[in-house]
Amino acid sequence: MRVAIVENTAITHHGQIGVALHERAAKIDLHKPFRGEPLPPARAQADALVVFGGEQSARDDASHPYLPALADLIRAYVAQDLPVLGICLGAQVMARAFGATNHLGTAREFGWCDVTLTEAGRADPLFAAQPAVFPIFQWHSDTFSLPEGAVHLAQSPVASAQAFRIGRAGYATRFHFEASRAVVADWSREFPELTEANAPGWHRALPGLAATRGAEADGHGLALARAWVGLI
């Protein structure tokens, strides 16, 4: 299989998704449009598309002028019935692509937080093996409404639209299920002031949280990654 991956920021970890892709010997086409590189072609040359997160919002067209084209690309892949995975910013752009409203700065979540599957989520092939409530890593302040026709899959008290599906295999997740404990540790080293600002006492609490909530989340994240790769 061949998978196109779009990165939106300089420090991007493929994490659990990378593990699942490499287990299947996937070939990766890597695109970094934030550095001026072109996006993948809309007429897909890959079997699936992954769009990772970034510090920008899905509406920051002035500073990141490729965002409208990225929304078009996501829509084109879904129209070709190819699997798409949008995580965090990727999910926000996917929501934008299908006509939803992006809500900026209204839903701050950080750390290992519980998400709850909807009835549709419990029956969905991506989430069917997950418990009804599970911890997973969050780092965002923006959220979105559900696009018309989307299947609502997961929610939390802070951001009700935690995950949705468009078509057969177009998935958006507000949460970072790619973020293993190793990824979270690296983010904490790279952004010490920002992570501490999001959760005062974060660096002191991190070892204990990683050993408990983080260890549990690692299992859920890898299971989700493998399930999505299995849809390709």
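Criteria and cut-off values
- Residues numbered from 1 in each chain as written.
- Predicted model: local features only at pLDDT ≥ 70, side-chain atom pairs only at ≥ 80, totals over all residues.
- Heavy atoms only, no water.
- Helix = DSSP H or I, 4+ residues; strand = E, 2+ residues; numbered from the N terminus.
- Rg over C-alpha atoms; globule rule 2.2 N^0.38 Å.
- Buried < 20%, exposed > 50% of the residue type's maximum accessible area, 1.4 Å probe, protein only.
- Contact = heavy atoms within 4.5 Å.
- Phe/Tyr/Trp six-rings, centres within 6.5 Å; stacked < 30°, edge-to-face > 60°.
- 1 Å grid on protein atoms, 1.4 Å probe; cavity = no way out; pocket = protein on both sides within 12 Å on 5 of 7 lines; lining within 4 Å.
- Points joined across faces, edges and corners; volume = space filled by probe spheres on them.
- Nonpolar A, V, L, I, M, F, W, Y, C, P; charged D, E, K, R; others polar.
- Salt bridge = Lys/Arg side-chain N within 4 Å of Asp/Glu carboxyl O.
- Core = buried A, V, L, I, M, F, W, Y, C linked by side-chain atoms within 4.5 Å.
- Pairing = 2+ DSSP bridges.
- Axes fitted to C-alpha atoms, helices over the stretch in contact; angles between N-to-C directions.

Q: So what about the overall build of the chain? Which residues, and what values?
A: If you tally the helices and strands in the chain, you get seven helices and eleven strands. In terms of overall size, the chain behaves like a compact globule, its C-alpha atoms giving a radius of gyration of 16 Å where 232 residues would be expected to give roughly 17 Å. If you line up the chain on its principal axes, its C-alpha atoms span 50 × 40 × 35 Å. Expressed as a percentage of the 232 residues in the chain, the buried residues total 55%. Relative to all contacts within the chain whose residues are 6 or more apart in sequence, the contacts with residues 24 or more apart total 74%.

Q: Can you explain the packing of aromatic side chains? Please cite residues and give values.
A: Summed over the entire model, instances satisfying the criterion amount to 13 aromatic pairs. Clustering of aromatic rings is evident, with ring pairs tying together Phe-110, Trp-112, Phe-137, Trp-139, Trp-187, Phe-191 and Trp-202.

Q: Tell me about the layout of surface pockets, residues and numbers included.
A: Approximately 540 Å³ is the volume attributed to the largest pocket. Contributing to the lining of the largest pocket are 22 residues, with Gly-54, Glu-55, Cys-88, Trp-139 and His-176 lying nearest its centre. Partitioned by chemical class, the residues of the lining of the largest pocket number seven nonpolar, eleven polar and four charged.

Q: Explain helix H3 (residues 89–97) residue by residue, including any values.
A: Taking burial as the measure, the nine residues of H3 include nine buried ones, the bulk of the element. Along H3, the residues classified as buried are Leu-89, Gly-90, Ala-91, Gln-92, Val-93, Met-94, Ala-95, Arg-96 and Ala-97.

Q: Summarise the pattern of salt bridges; cite the residues concerned and give the values.
A: Taken as a whole and assessed by the stated rule, the structure comprises ten salt bridges. One salt bridge in this structure joins Arg-226 and Glu-23, with 2.7 Å as the shortest N-O distance. Taken together, the residues span a long stretch of sequence, with Arg-226 in helix H7 (residues 202–229) and Glu-23 in helix H1 (residues 15–23) at a distance of 203 residues. Given the relative accessible area of 42%, Arg-226 is considered partly exposed. Look at Glu-23 and you get partly exposed, because its relative accessible area is 45%. Linking Asp-124 and Arg-165 is a salt bridge whose minimum nitrogen-to-oxygen distance equals 2.3 Å. Pair noted here: Asp-124 is in the loop between helix H4 (119–123) and strand S7 (133–140) and Arg-165 is in strand S10 (residues 163–166), with a separation of 41 residues, a long-range link. According to the relative accessible area criterion, Asp-124 is buried, its value standing at 1%. Judged by its relative accessible area of 18%, Arg-165 falls in the buried class.

Q: Provide a residue-level description of the nonpolar core, including the pertinent values.
A: Within soluble globular proteins, side chains that are nonpolar generally end up buried alongside one another. Phe-127, Phe-137, Phe-177 and Trp-228 are the most contacted members of the largest nonpolar core, which totals 42 residues. In terms of residue count, the dominant contributor to this core is H7 (eight residues). For Phe-127, the residues in contact, after removing those within four places along its chain, are Leu-117, Gly-121, Phe-134, Leu-153, Ala-163, Phe-175 and Leu-224. Core analysis: the second largest hydrophobic core is formed by 29 residues, Tyr-66, Ala-71, Leu-82 and Val-93 among them.

Q: Lay out the pairing of S10 with the relevant residues and their values.
A: Burial of S10 is two-sided: the residues Ala-163 and Arg-165 facing one way and the residues Phe-164 and Ile-166 facing the other way are all buried. Where strand S9 (residues 151–155) lies against S10, three bridges are found, and the strand directions are antiparallel. Pairing of His-152 across the sheet is with Phe-164, part of S10. Note: S10 against strand S11 (residues 170–173), four bridges, orientation antiparallel.

Q: Break down the sheet that holds strand S3 (residues 48–51) for me, with residues and values.
A: Pairing in this open sheet of nine strands is mixed, and the strands run S2-S1-S3-S4-S11-S10-S9-S6-S7 from one edge to the other. Each of the sheet's edge strands pairs with one partner strand only, and the pair in question is strand S2 (27–31) and S7. The mean inter-strand angle of the sheet, taken between neighbouring strand axes irrespective of direction, is 25°. The sheet contact formed by strand S6 (residues 109–117) and S9 spans two bridges and is antiparallel. Along S9, the bridge assignment pairs Thr-116 with Gln-155. Along the sheet face, H3 touches S3, strand S4 (84–87), S10 and S11 and points at about 115° away from the line of S4. Along the sheet, H7 makes contact with S3, S4, S6, S7 and S11, crossing S6 at roughly 40°.

None of this, on its own, says anything about what the molecule does.
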